[in-house]
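An overview of the molecular structure
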Amino acid sequence: MSTLAIHGGKPVRDTYLPYGHHSIDEQDKNSVIEALSSDWLTTGPKVIEFEETFAKKVGSKYAVAVNSGTAALHASVFAADIGLGDEVITTPMTFAASANCVLYQGARPVFADIREDTLNIDPDKVKKLVTEKTKAIIAVDYGGQPADIDELKEIASENGLLLIEDAAHSLDATYKGKSIGSLSDLTTFSLHPVKHITTGEGGVIATNDKKMADRIRRFRNHGISTDHHERAEKGTFYYEMMELGYNYRIPDINCALGLSQLKKLDTWVARRREIAGLYNKSLSKMPSIDIPSQLADRESSWHLYLIMLKLDMLSVGRNEIIKALRAENIGVNVHYIPVYWHPYYQNLDYKKGVCPVAEEAYERLITLPLFPAMTERDTKDVIEAVSKVIGFYSV
Ligand SMILES: *Cc1c(COP(=O)(O)O)cnc(C)c1O
C-alpha cells in the first residue's frame, strides 16, 4: 500500500479538489453584462422574469426571489405568522439557518431526531413533539433527497400546522414523481454558489398560496404596501409601511445570472447523478463505510454525497480520516454539526443528547466532493483517496 500523504507520501492528486464549486460560462457573463447595461439594476424586469421561469421549473404557482436562502427561510416563517411563544419543529441535521429563521421571529425551534437510513427528519419523532404551541414544521431535504413529505403533510394537516420545506439541497429533485417546490405550503431554495445554480447570493420562496406570496413580496421590501412600479403608474409619492419587513430584495444583475444558470440546471443535475452513481458503485463495496440509503419513490438532486464511517472497523475517528483525505488533496467536509450543539444554542439551554441519531451520525459523516464540473479523473481520484485512507485505517 502506498504511504499516506499525511505520513509524507505522495498525495493522490497535485491540486486541491473542493467539495463543491460553481460553474460560470460565457452565456452567464453576457447575461450579467446585459443587465448591467439596462435601466434596472434592482427590482426590475429580470427579477420578474427569473421568478416566473423559476416557478415554472419547480411547478409552483408563485415564486418570490430574495437575496439569500436565509432570507427565504425568514420570509417563510414570517408569512406563516410565526411569532413570540410559538414553536416550530425542525431537524438538527442542517445548516443553522433552517433553525435560526425561527429565532428571528421570536419563536422557538424544537429539534426532532432524524431517520437512521436517510438522515432526514423522522415523522414519528415529529409527531411526538407537537404541542399546543407548535405552528409549523421545517423539513430539510438533506443532501438533495426529499424528506418524507406525505407523512409530514399528514401530521401538519391533523394538527393545523404549516409545512415549510427547506429545499436548499434539492432543487430539481422529485418526490413520488412530483417536483420539489410544488408540494409544501412554502418551499425555500438557496442560490449560493455551492448550490445547484447560483445568483452569487440569492434565494427563492415557492408557494401555491397567493396571499403568502404577496406577503413575502411586501416583507422583502420593508413591509411597504406598494412597490415603486405601482407608485410610478399612479403618479404618486405615497406609500404605506404595513408590517415590519426588511430589505431582502435581489438585484436584477443577480437574476440575470440566475436566468442563464437555470438553463443548465437539468444537465448539471444529470451530471451530479452520474457522479453519485460512480461513487455508489465503488464505495458501496467498502466494508468500513455505509452510504445513506436512497428511497425508491424519490430522486435526489445530489447536492451532497455523504459517506458514514463504521467507526468500530477503523483505528481512528472521523477527524483523523478527514485530515488524511485533505492531505491527499481531496476537499472533504462535514454536513452537519447538530444545530443545537453550536454555542449560541447551548447558551439558550438546548441540551446535548436530545437527538441521539443525529449526534451519532455527525461523528461518522464525511461529505465527498461533488459538483457538475468534476471530471472523470477527479471522480477517480476521490475514490482512490477514500480507498487508500480507509484501507490504511481499517482494522
Ligand atoms: C445553504 C443553506 C441555507 C442558507 O442559504 P444561504 O443562501 O446561504 O443563505 C439554508 N439551509 C440549508 C439546508 C442550506 O444548505
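These notes cover the structure that comes with them.

Scoring rules and cut-offs
Residues numbered from 1 in each chain as written. Predicted model: local features only at pLDDT ≥ 70, side-chain atom pairs only at ≥ 80, totals over all residues. Heavy atoms only, no water. Helix = DSSP H or I, 4+ residues; strand = E, 2+ residues; numbered from the N terminus. Buried < 20%, exposed > 50% of the residue type's maximum accessible area, 1.4 Å probe, protein only. Pairing = 2+ DSSP bridges. Patch = residues over 30% accessible without salt bridge, like charges linked within 9 Å, V, L, I, M, F, W, Y side chains within 5 Å. Areas by Shrake-Rupley, 256 points an atom, 1.4 Å probe, with all protein chains shown as cover. Salt bridge = Lys/Arg side-chain N within 4 Å of Asp/Glu carboxyl O. Lys, Arg positive; Asp, Glu negative; His and termini not counted. Charge placed at Lys NZ, Arg CZ, Asp CG, Glu CD. Axes fitted to C-alpha atoms, helices over the stretch in contact; angles between N-to-C directions. Contact = heavy atoms within 4.5 Å. 1 Å grid on protein atoms, 1.4 Å probe; cavity = no way out; pocket = protein on both sides within 12 Å on 5 of 7 lines; lining within 4 Å. Points joined across faces, edges and corners; volume = space filled by probe spheres on them. Domains from an automatic or database assignment. Nonpolar A, V, L, I, M, F, W, Y, C, P; charged D, E, K, R; others polar. Near = heavy atom within 4 Å. Polar contact = N/O pair within 3.5 Å; in protein donor to acceptor, adjacent residues only side chain to side chain. Sits in = over half its atoms within 2 Å of the grid points. Core = buried A, V, L, I, M, F, W, Y, C linked by side-chain atoms within 4.5 Å.

The bulk of non-glycine residues show a negative phi, and the bulk of peptide bonds are trans. With omega at 10 degrees, the peptide bond leading from His-335 into Tyr-336 counts as cis. In this fold, Tyr-336 is placed in the loop between α11 (318-327) and α12 (343-347). Although it is not a glycine, Asp-81 sits at a positive phi angle of roughly 65 degrees. Phi at Asp-349 is positive, roughly 80 degrees, even though this residue is not glycine. Note on placement: Asp-349 falls in the loop between α12 and α13 (356-364). Taking the relative accessible area as the measure of exposure, Asp-349 reaches 55% and is therefore exposed.

The buried count for strand β9 (residues 203-207) comes to five of five residues, which makes it a mostly enclosed element. Here β9 shows no split at all, with Gly-203, Ile-205 and Thr-207 on one side and Val-204 and Ala-206 on the other all buried. Relative to β9, strand β1 (residues 62-66) runs antiparallel, the two being bridged by five bridges. Bridging across to β9, Ala-65 finds its partner in Val-204. Bridge analysis of strand β8 (residues 186-190) against β9 gives four bridges, and the strand direction is antiparallel. Following the sheet pairing, Phe-189 is matched in β9 by Val-204.

Moving on: a negative patch on the surface. Taken together, the side chains of Asp-124, Glu-151, Glu-154 and Glu-158 make up a negatively charged region of the molecular surface. The dominant element in the negative patch, judged by the number of residues it contributes, is helix α6 (residues 149-159), at three residues. Its location among the elements puts Asp-124 in helix α5 (residues 123-129). A relative accessible area of 48% means that Asp-124 is categorised as partly exposed.

Before going further, it helps to spend a moment on the sheet that holds strand β3 (residues 108-111). Sheet architecture is open: seven strands sit in the order β1-β9-β8-β5-β4-β2-β3, paired in mixed fashion. Edge positions in the sheet fall to β1 and β3, since each of these pairs with one other strand and no more. If you compare each strand with its neighbour and ignore which way they point, the axes differ by 25 degrees on average. The sheet strands contacting helix α2 (residues 45-58) are β1, β8 and β9, and the helix crosses β1 at an angle near 130 degrees. Along the sheet, helix α4 (residues 97-104) makes contact with β2 (87-90), β3, β4 (134-140) and β5 (162-166), crossing β3 at roughly 145 degrees.

So, about the layout of surface pockets. Of the pockets and cavities examined, the second largest pocket occupies roughly 360 Å³. Lining the second largest pocket are 24 residues; nearest its centre among them are Phe-95, Ala-168, Ser-190, His-192 and Lys-195. Each of domain 1 (5-22 + 265-393) and domain 2 (26-262) accounts for three or more of the residues forming the lining of the second largest pocket.

Attention now moves to empty space enclosed by the protein. For the coordinates displayed, the defined rule picks out three cavities of 30 Å³ or more. Its boundaries defined by the atoms lining it, the largest cavity holds a volume of some 90 Å³. Looking at the lining of the largest cavity, its residues break down into six nonpolar, six polar and no charged. Taken domain by domain, the makeup of the lining of the largest cavity includes at least three residues from each of domain 1 (5-22 + 265-393) and domain 2 (26-262).

A word on the site of the ligand. Inspection of the region around the ligand gives 16 residues, with Gly-69, Thr-70, Asp-166, Ser-190 and Lys-195 positioned closest. Here an oxygen atom of the ligand sits 2.8 Å away from a polar atom, N or O, in the main chain of Gly-69. Contact distances for the ligand include 2.7 Å between a nitrogen atom and a side-chain N or O atom of Asp-166. In isolation the ligand offers 380 Å² of accessible surface; the protein chains occlude 92% of this area. One can see that the ligand is located within the second largest pocket. A total of three residues in the shell around the ligand trace back to one element, the largest contributor, which is helix α3 (residues 69-79). Split by residue class, the shell around the ligand holds six nonpolar, eight polar and two charged.

Once that is clear, we can look at the nonpolar core. Of all hydrophobic cores here, the largest spans 39 residues; its most connected members are Phe-50, Phe-54, Val-126, Ile-137, Leu-152, Phe-189 and Val-204. Elements supplying a minimum of two residues to this core: α2, β1, β4, α6, β9, α9 (252-262) and α10 (265-283). By residue number, the principal contributor to this core is α2, which donates five residues. Taken domain by domain, the makeup of this core includes at least three residues from each of domain 1 (5-22 + 265-393) and domain 2 (26-262). What Phe-50 contacts, discounting residues up to four positions off in sequence, is Ala-65, Leu-191, Thr-199, Val-204, Cys-255, Gly-258, Leu-259 and Leu-262. Core analysis: the second largest hydrophobic core is formed by 32 residues, Leu-309, Ile-321, Ile-366 and Ile-390 among them.

Shape descriptors only; they carry no functional weight alone.
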